[in-house]
Amino acid sequence: TSLKSAEANSEELSGVESSIQVSPNPSSDGNFILTLSNLKAEASKLTVYSLEGKKVYEKTSLKEGANYFASGLKKGVYLIKIICNNKAYTQKLIIE
């Protein structure tokens, strides 16, 4: 599966007025919070992949303003893939 590399911000979301924020990034303990704010259309899926392509976390039915936690991630770089309005967006997550 190829991931579309894009900075997840309102300009890149092609008309979907949204703000996607991952914090803390980098994370020191393997936990992260994905905050979706001002999301006009629900995002349908969040998936976190290792750089080897292994799925390490998945959540469906994302809601506006909700926070999501994936604990236990080992040190390294991960890709967060967000599906919104049938489009895929990725953002890098660093675990220190």
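Above this text is the structure in question.
Being a predicted model, the structure only gives us computed values, none of them experimental.

Participant: Would you mind showing me how to read the overall build of the chain here?
Facilitator: Summing up its helical and strand segments, the chain has 0 helices and 6 strands in all. Each helix and strand of the chain, ordered N terminal to C terminal, gives the series β-β-β-β-β-β. Counting only residues that meet the buried cut, the chain has 36% of its 96 residues in that class. Nonlocal contacts in the chain, meaning residues at least 24 apart in sequence, comprise 49% of its contacts between residues at least 6 apart. Carbon and sulfur atoms make up 43% of the accessible area of the chain, which amounts to about 5,600 Å² in all.

Participant: What should I look at first to understand the pattern of salt bridges in this one?
Facilitator: In a structure, side chains of opposite charge can pair up when their charged atoms sit close to one another. Applying the stated criterion across every chain, the model contains 2 salt bridges. The salt bridge involving Glu58 is made with Lys45; its shortest N-O contact spans 3.4 Å. With Glu58 in strand 4 (residues 55-60) and Lys45 in strand 3 (residues 43-50), the pair connects residues that are 13 residues apart, well separated along the chain. Given a relative accessible area of 36%, Glu58 falls into the partly exposed group. On the accessibility criterion, Lys45 (30% relative accessible area) is partly exposed. A salt bridge links Lys55 to Glu58; the nearest nitrogen and oxygen atoms lie 3.4 Å apart. Each of the salt bridges in this network shares a partner with another, and the network as a whole consists of Lys45, Lys55 and Glu58.

Participant: Looking at this structure, I do not really get the environment of Phe32. What am I missing?
Facilitator: Relative to the elements of secondary structure, Phe32 occurs in the loop between strand 1 (19-23) and strand 2 (33-37). Phe32 sits in the buried class, given a relative accessible area of 0%. In this structure, the C-alpha to C-alpha distance between Phe32 and Asn67, residues 35 residues apart in sequence, is 8.9 Å. With near-sequence residues (within four places) excluded, Phe32 lies in contact with Val22, Ser23, Pro24, Val48, Tyr68, Phe69, Ala70, Leu73, Ile80 and Leu93.

Conventions we followed
Residues numbered from 1 in each chain as written. Predicted model: local features only at pLDDT ≥ 70, side-chain atom pairs only at ≥ 80, totals over all residues. Heavy atoms only, no water. Helix = DSSP H or I, 4+ residues; strand = E, 2+ residues; numbered from the N terminus. Buried < 20%, exposed > 50% of the residue type's maximum accessible area, 1.4 Å probe, protein only. Contact = heavy atoms within 4.5 Å. Areas by Shrake-Rupley, 256 points an atom, 1.4 Å probe, with all protein chains shown as cover. Salt bridge = Lys/Arg side-chain N within 4 Å of Asp/Glu carboxyl O.

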